Every structure is written in C-alpha cells, then in structure tokens.
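# Fold and contact review
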Amino acid sequence: MNAVALTWLYVPGDRPGVVHKALGSGADVVIVDLEDAVAPDRREYARSATVELLSDPAALGTRAVPVHVRVHGEDDVRALAALPGLSGMRLPKITHAASVHHVAALAPGVPLYPLLESALAIEHAYSIAGAHHDVRGVALGEADLRADLGVRDDAGLDWSRSRVVIAARAAGLDPPVMSVFPDVRDLSGLRSSCAHGRDLGLLGRAAIHPRQLQVIERAFRPTSREVESAEQVLEAFRSQEGAQALPDGRFVDAAVVASAERTLALARRR
C-alpha cells in the first residue's frame, strides 16, 4: 500500500460470501478473521476457504484491496504464508518478541501485525514492535486487554493506548490502528471514540461492519481547517527557512513543519 490505511474491516473467515462483499465495501484493508469470529468446529473450513480465496489474486477483484488474515495458530500460518493474495498477518495473543520471530521464520517476507491483548504484552510493547523487520505495525486487542486488566471504564485503557503509540513510534512504525468499536448501531459513540483515539496519536480504526467505515474515514482525515493551517505553515517555512513565528503567533520549527507535511499527505491519500 502506498497510502496510509484508515479503515480495516474484519470479516469471519468461514463466510466466503461476506468476505467477497467486504472486498467491495470501500475498506482500505479487509481482515479475514480465523480466530475470534469463527467457532472452533468451523476453523478448518474457514482456513480452507481463505486458502482458496488467496491462492488466486484475480478472485480478489479489480480494486485489489489488501487482504490480511488474523490467524489462530501455527497451522494457519503455514497454510497461508506463501499465498500470492496475502498482504499481511494479524497475530493475536502476542506477548514476547520470540513469538514474532517464530512466525517470521514460518512466513518469511509476510508483513506482520502483532496484537497486544494482555498486560504482559503491554509491558513488552517496544520489544514486540521492534522484534523483526517484517513487523509493519502493532495494535491493541482491547476486548481481551480489558478483561485481563479488569477495566470497566474505557478511560482505563488510555495508558495502554499511549504506551503502544510510543512503542510503535520508537520502533519506526506507523501509528497504531484503533481497536474495534463493538456497537455497530452507535455511530455517534464511534465518532466520539475515534476523536479521542486520534488525540492520543492513534491513526485509523478496525471495523466490524461496513456502516462504520465512513465514520472512521471522516474522523481520521484532516479537517479543512487543519489542511489550511498546514499549508500556511509550509508556505511560511518555504519563504524563509528556519524557526519563525506566524502572524497569528504560532511558532514554526522543523517539528511543526514535519507535522504539517504529514497532515497534507494524509489529506491527499486518495
């Protein structure tokens, strides 16, 4: 992918028809779930259906939406690793860098996205994020983490969210993607939650229903005011390089310029 992905749509791997619909949903990335979304007695079928889909890139359609798979275990990794339609693996329940190295050895060259879903994983966030050159991103699995921590209020996860944002940045990765918002009918709540995540440094969000995609997209794209402000910063910097103050009093230095460039790149992503 050349552009930053903002919307990541989870679909159950044992429902091929739903997977094909998801490919046309407008999501930036489709994640075929072989773990939580699939009953134990359906996992072999889900794996075989996913192998069939990813064995023929033409079956993915003309838009060529990247397809990731959230694997359930080593059998999934071995079955999927060499398939031409696979764009990445989401690795649940990762707690140590050694686990990432193990998967990387089984699936060389496949982009890996560890999911941090426990207190132990949060403690090892940086070592996991920097474990291997095939790690392209990290994210929280908030449902499992919430249960592990005994957290009731959503604010109780903010420290963990910030910890993962810092770990990703320190490891040279893109900002983490937010975990799913479970109530697919509460679009107002989703919008508010996305705004809070954006304030914490998260970028983009996983979804479990197509109706959530547009809300996520709008929440994480720069506003017209933010774009205008970024353009003013770059215009001032180009006219006279070096630290300076804008007419409205804002101070401009290299860090502010870099932030403005990121804002404009995100605004132009499509």
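### Points about the side chain of Arg161
With respect to the helices and strands, Arg161 occurs in helix H8 (residues 158–170). Taking relative accessible area as the criterion, Arg161 reaches 2% and is therefore assigned buried. Once you skip the residues sitting within four places of it in the chain, Arg161 turns out to touch Leu140, Glu142, Asp154, His196, Leu200 and Leu202.

### With respect to the pattern of salt bridges
If the charged atoms of two oppositely charged side chains come close together, the side chains can form a pair. Taken as a whole and assessed by the stated rule, the structure comprises 16 salt bridges. Where Glu74 meets Arg78, a salt bridge forms, and the shortest distance between an N and an O atom there is 2.8 Å. Here the residue Glu74 and the residue Arg78 both occupy positions in helix H3 (residues 74–80), the gap between them amounting to 4 residues, near one helical turn. Put simply, Asp33, Glu35, Asp36, Arg70, Lys93, Glu117 and Asp144 are held in one network by salt bridges that share partners.

### Some details on the packing of helix H11 (residues 224–239) against helix H12 (residues 254–267)
In the contact formed by H11 and H12, the axes pass within 9 Å of each other and the chain directions differ by 130°. With respect to H12, the element H11 is oriented oblique. As H11 packs across H12, the resulting crossing turns out to be left-handed. For the pair formed by H11 and H12, the contact residues are Glu226, Val227, Ala230, Glu231, Val233, Leu234 and Phe237 on the first element and Val256, Val257, Ala260, Glu261, Thr263, Leu264 and Ala267 on the second. Broken down by class, the residue content of the contact of H11 with H12 amounts to 10 nonpolar, 1 polar and 3 charged.

### Quick word on the nonpolar core
Within the largest apolar cluster, 66 residues are counted, with the highest numbers of intra-cluster contacts made by Leu54, Val69, Leu80, Met89, Leu112, Leu116 and Phe220. Each residue touching Leu112, except ones within four places of it in the same chain, is listed here: Met89, Leu91, Val100, Val103, Ala104, Asp134, Val135, Arg136 and Gly137. In this structure, Ala5, Val29, Tyr113 and Ala139 belong to the second largest nonpolar core, which totals 10 residues.

What counts, and where the lines are drawn
- Residues numbered from 1 in each chain as written.
- Predicted model: local features only at pLDDT ≥ 70, side-chain atom pairs only at ≥ 80, totals over all residues.
- Heavy atoms only, no water.
- Helix = DSSP H or I, 4+ residues; strand = E, 2+ residues; numbered from the N terminus.
- Buried < 20%, exposed > 50% of the residue type's maximum accessible area, 1.4 Å probe, protein only.
- Contact = heavy atoms within 4.5 Å.
- Salt bridge = Lys/Arg side-chain N within 4 Å of Asp/Glu carboxyl O.
- Axes fitted to C-alpha atoms, helices over the stretch in contact; angles between N-to-C directions.
- Parallel < 35°, antiparallel > 145°, perpendicular 65-115°, else oblique.
- Left-handed = near helix turned anticlockwise from the far one by under 90°.
- Nonpolar A, V, L, I, M, F, W, Y, C, P; charged D, E, K, R; others polar.
- Core = buried A, V, L, I, M, F, W, Y, C linked by side-chain atoms within 4.5 Å.

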